[in-house]
Amino acid sequence: MAARTCVLLCLICVCAARECIELTIGDNNIFSQSIFNNTILKVAANNESFESSRVNLLDLWDKFPRIMVPVNGTSDQCRRDSRLFLDSLDRLELWALKMFDATAKPPSGILSGNGNQYGDFDECLGIDGAVRGKYCLASLQVSIGGEKGQQLDYLVHSGHYLRSNVTDMGHRLPRYSSILWGVCIPSSCSSFDLEDELSHKLSDLGISVKVHNTLCTVKNFKRPYSFGKTLSITFFLSIILLLSLGTLLDNGKEGETNFEKLLNAFSLKRNLRKVFDLSDSPTRVKGVDAFRGINAFALLLGHKSMAMAHSPYVNKTSYSEVFGMPWAVIGRSAIIYTDSFLYLSGFLNAHNLLQDLEKKGTINFKDRMLARWFRLFPMFLSLMLFCTYILPDINNGPQWNLVVEEHSRVCEKNMWRSFLFIHNYFGFEDMCLTHTHQIGMDMQLYVATLPLMFVLWKFRRTGLALIVGIAAASTVLRYLAIYWYDISMFVYYGISVQKLLDAARYSYILPTHRATIYLIGVSMAYFIKSKKSHIKLSDNQARFVWAFCFALAAYTIASPYQMGLEGYKYEHYPAAMFATLTPILWGLFMCVAHWCICNDYTGSGKAFVEARIFKFFNKIAYAVYLTQFPIFFYNVGIQRHSEYYTPMLLIQIPEMMVILVVSILTTVAIEMPFNQVYRIYFGKSQTKLKDK
């Protein structure tokens, strides 16, 4: 009775407020053309009366759903539990109040980007009264039309930094334009029941709804125990056993039998000493460590910024504004940093193959392929197994099912493609560990390099003609792909998730389109090996060359900055020219800078180029590259509330330290032991394997 009396008093207050609104709200007031409680006020046309706008505003206040349980669910049990919830809520029973409390409510600050509301994930899963709680994360697609609604649409969608819809892939690229809304419902109800209920209540407000079944969670959910999980556990237990035996039995002496050498290969003490031994290797090429370290750090920040786009912020419009500034072109041109790795891969692969040709006059294709497999696959396999079968059971959170569970399902279905290093031909939507597309490209380009280097060694002019021809063809393919499919290799402001996926599918992850800068690296290795590579320069000439390098690098990175500004409209020609010329310009910069370093024209910069930090990072670079995405998205998955965005969130010291520690551990526990296994059983006369 008391509750009903309170409701009656609230209605009286609303009526009084209505009269006040009638007197105080003018035609151009922000409330007459804005959202209220996460709903849309469709602005009245100029010939409509003020009274119509005022009534619409109050209609939206009245219609916004406060209780979202599926009272018309498809199952009898769902309908009974929903009715029981309503009755129990009327009686103020604690479990019902918790279910109501755990559901997200319209917040303040929506026009600052505070649209995503998770509710209380843990409170919902903790409900175990007359009914059990189920937490679902619904995606709401808000559409504001009309000329006057453009500014509101901009604010509600946080500046349209990325455009998406509720059906886009969300486990790696964010559904940035969708509003995520946490709802607590009885566990007997399905995602379809909730979607139907929300669609019915919100359709009149201009909001479409999608509730993916994978984004609903119940407490203590038992995942099916698969054969793949058994194999994964067996694999990791075997690794732990070998590490334990190798570490405990390591007496500091070199093994005499292959089994003793195998145990030594898995000795953590021995491998940790090697990781922190920063003395120069006889096979080390100058400049590679610095190039790899700088570009890896830049790429890590680029990946982090994409992971951050999944997170809720109370000021998400600030996130869009920061990444819409001219200096943000440094991050939007991230393809340049992946090009750097393709250059280094081409250079080192050709460098090592040329050494073989100088010593033996031929290339042992079988040994080279086996060495490459041992270099790349064990770490790659370990990460796939961990992310597919182990990681999903470790934690939970509002977006856990999206960024961890859904990704594990993709991996379980399509992992075989990664085993064959062909996963980059199937698009990001169906790719296990999307950031490893580079490994697939690298392996395919490496296979193509073997006969190419043999031809170049035997028939110099024919080999050079092949390199130039293939590089030119790759350049043409990039131009045509951009022009035909309306895509861009530059992440311009307002690009849609679908366009990013198309750019990857039709160009970004294809070796045929990325071969240009790889072949520039191959050509540079051939040039460095030739006797004509050393040219004597004076100090002033060396300074001029470095000035040219830095100017070229700055131009290559900054030239498309206008495409990253707010309000940019896509154009074919600038996008096509960026994709066409950038690998060539950046490759030229890498070649000239690398030549200067190899010929000791670094001057006062020698201490930086030869810094010990780069030598150390070179040893764990592959592990850093592989482990960063799982760690980023682990943190996205467990995040339970919105935070205040600042640019400093791009570098979170605890997160970076975790990446560093995990990378060191995986290097000494998996990468280094398996490299040594190859040397023990297959490559007794092989030189250094780490040629990536």
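Quick caveat: nothing in here was measured; it's all calculated off a predicted structure.

Participant: Would you take a moment to explain the packing of helix 21 (residues 539-558) against helix 22 (residues 572-598) for this structure?
Facilitator: Any two packed helices are characterised by the angle at which their axes cross and by the distance between the axes. The N-to-C vectors of helix 21 and helix 22 enclose an angle of 155°; their axes lie 9 Å apart at closest approach. Our classification of the angle between helix 21 and helix 22 gives roughly antiparallel. For the pair helix 21 and helix 22, the sense of crossing is left-handed. Across the interface between the two elements, Val545, Trp546, Phe548, Cys549, Leu552, Ala553, Tyr555, Thr556 and Ile557 from helix 21 touch Phe578, Thr582, Leu585, Trp586, Leu588, Phe589, Val592, Ala593, Cys596 and Ile597 from helix 22. Looking at the contact of helix 21 with helix 22 residue by residue, the classes come out as 17 nonpolar, 2 polar and no charged.

Participant: I tried to follow unusual backbone geometry on my own but got confused; where do I start?
Facilitator: For residues besides glycine, phi is generally negative; the peptide bonds are generally trans as well. A positive phi angle is found at Ser158, which is not glycine, with a value near 55°. For Ser158, the location among the structural elements is in the loop between helix 6 (150-156) and strand 2 (179-186). Note on Ser158: relative accessible area 4%, which makes it buried. For Asp486, which is not a glycine, the phi torsion comes out positive at approximately 55°. Structurally, the position occupied by Asp486 is in the loop between helix 18 (460-485) and helix 19 (497-508).

Participant: Can you walk me through empty space enclosed by the protein in this structure?
Facilitator: Over the atoms rolls a probe the size of a water molecule, and its path tells where empty space is left. A full pass over the atoms with the stated rule returns 9 cavities of 30 Å³ or more. Of the voids in this model, the largest cavity is the one considered here, and its volume is about 100 Å³. Looking at the largest cavity, the residues that line it are Asn116, Gly170, Pro174, Arg175, Tyr176, Ser178, Leu180, Ala309, His310, Lys316, Gln399 and Leu402. Residue classes in the lining of the largest cavity are distributed as 5 nonpolar, 5 polar and 2 charged.

Participant: Explain the environment of Phe419 here, please?
Facilitator: Structurally, Phe419 can be placed in helix 16 (residues 400-419). Judged by its relative accessible area of 34%, Phe419 falls in the partly exposed class. The sequence separation of Phe419 and Met384 amounts to 35 residues, and the corresponding C-alpha distance is 9.8 Å. Excluding residues within four positions of it along the chain, Phe419 makes contact with Phe377, Leu381 and Met384.

Participant: Is there a simple way to think about the state of the cysteines in this case?
Facilitator: Formally, a disulfide is one covalent bond, and it connects the sulfur atom of one cysteine to the sulfur atom of another. Summed over the entire model, instances satisfying the criterion amount to 4 disulfides. With a sulfur-sulfur separation of 2.0 Å, Cys78 is cross-linked through a disulfide to Cys189. Across the S-S bond linking Cys78 and Cys189, the dihedral sits near 100°, which makes this disulfide right-handed. With Cys78 in helix 3 (residues 76-90) and Cys189 in the loop between strand 2 and helix 7 (191-202), this residue pair connects regions lying 111 residues apart in the sequence. The two residues Cys78 and Cys189 agree in class, both being buried. Two residues, Cys124 and Cys184, share a disulfide whose sulfurs are 2.2 Å apart. Here Cys124 and Cys184 share a disulfide; its torsion about the S-S bond, 90°, makes the bridge right-handed. Residue Cys124 is located in helix 5 (residues 121-125), and its partner Cys184 is located in strand 2; the two are separated by 60 residues in the primary sequence. As far as burial versus exposure is concerned, Cys124 and Cys184 are alike and both buried.

Participant: When you look at a nonpolar patch on the surface in this model, what are you seeing that I'm missing?
Facilitator: Residues Phe297, Ile651, Ile653, Met657, Leu660, Val661 and Leu665 make up a contiguous nonpolar surface patch of about 620 Å² in total accessible area. Here the nonpolar patch gets 5 residues from one element, more than from any other, and that element is helix 25 (residues 653-681). As for its placement among the helices and strands, Ile653 is situated in helix 25. By relative accessible area, which is 54% here, Ile653 ends up exposed.

Participant: I would appreciate a short explanation of the environment of Leu510 in the present structure.
Facilitator: With respect to the helices and strands, Leu510 occurs in the loop between helix 19 and helix 20 (511-529). Taking the C-alpha atoms as reference points, Leu510 and Gln438, 72 residues apart in sequence, are found 9.3 Å from one another.

The rules we used
Just so you know, the residues in each chain are numbered from 1, in the order the chain's sequence is written. Selection of residues for local features in this predicted model requires a pLDDT of at least 70, selection of side-chain atom pairs for listing and counting requires 80 or more, and totals for whole chains, interfaces and linings are taken over all residues. With hydrogens and water excluded, all non-hydrogen atoms of the structure serve as input to the side-chain values. Angular values range over 0 to 180 degrees, each being the angle between N-to-C directions of two axes fitted as lines to C-alpha atoms, with helices fitted over their stretch in contact. Where helices and strands are cited, they refer to DSSP runs of H or I of at least four residues and of E of at least two residues respectively, numbered from the N terminus. Each angle receives one of four descriptions, namely roughly parallel if under 35 degrees, roughly antiparallel if over 145, roughly perpendicular if within 65 to 115, and oblique otherwise. By convention the crossing between two helices is left-handed if the near helix lies anticlockwise of the far one by an angle smaller than a right angle, and right-handed if it lies clockwise. In what follows, a contact means two residues having at least one pair of non-hydrogen atoms within 4.5 Å. Three residue categories are used. Nonpolar comprises Ala, Val, Leu, Ile, Met, Phe, Trp, Tyr, Cys and Pro, charged comprises Asp, Glu, Lys and Arg, and polar comprises the others, including Gly. Only protein chains enter the area calculation, which uses a 1.4 Å probe; residues under 20% of their type maximum are buried, those over 50% are exposed, and those in between are partly exposed. Cavity means a closed set of points on a 1 Å grid over the protein atoms alone, one where a 1.4 Å probe fits but cannot get out, pocket means an open set with protein on both sides within 12 Å along at least 5 of 7 lines, and lining means a residue has an atom within 4 Å of a point. Grid points are joined across faces, edges and corners, and a volume is the space filled by probe spheres set on the points. Disulfides are defined in this document as cysteine sulfur pairs within 2.5 Å. Two joining distances apply to patches: 9 Å for like charges and 5 Å for nonpolar side chains (Val, Leu, Ile, Met, Phe, Trp, Tyr), and every residue must have over 30% relative accessible area and no salt bridge. In these tables, accessible area is a Shrake-Rupley quantity obtained with a 1.4 Å probe, and a residue counts as shielded only by the protein chains included in the view. Basic side-chain nitrogens of Lys or Arg form a salt bridge, by our definition, when they fall within 4 Å of a carboxyl oxygen of Asp or Glu.

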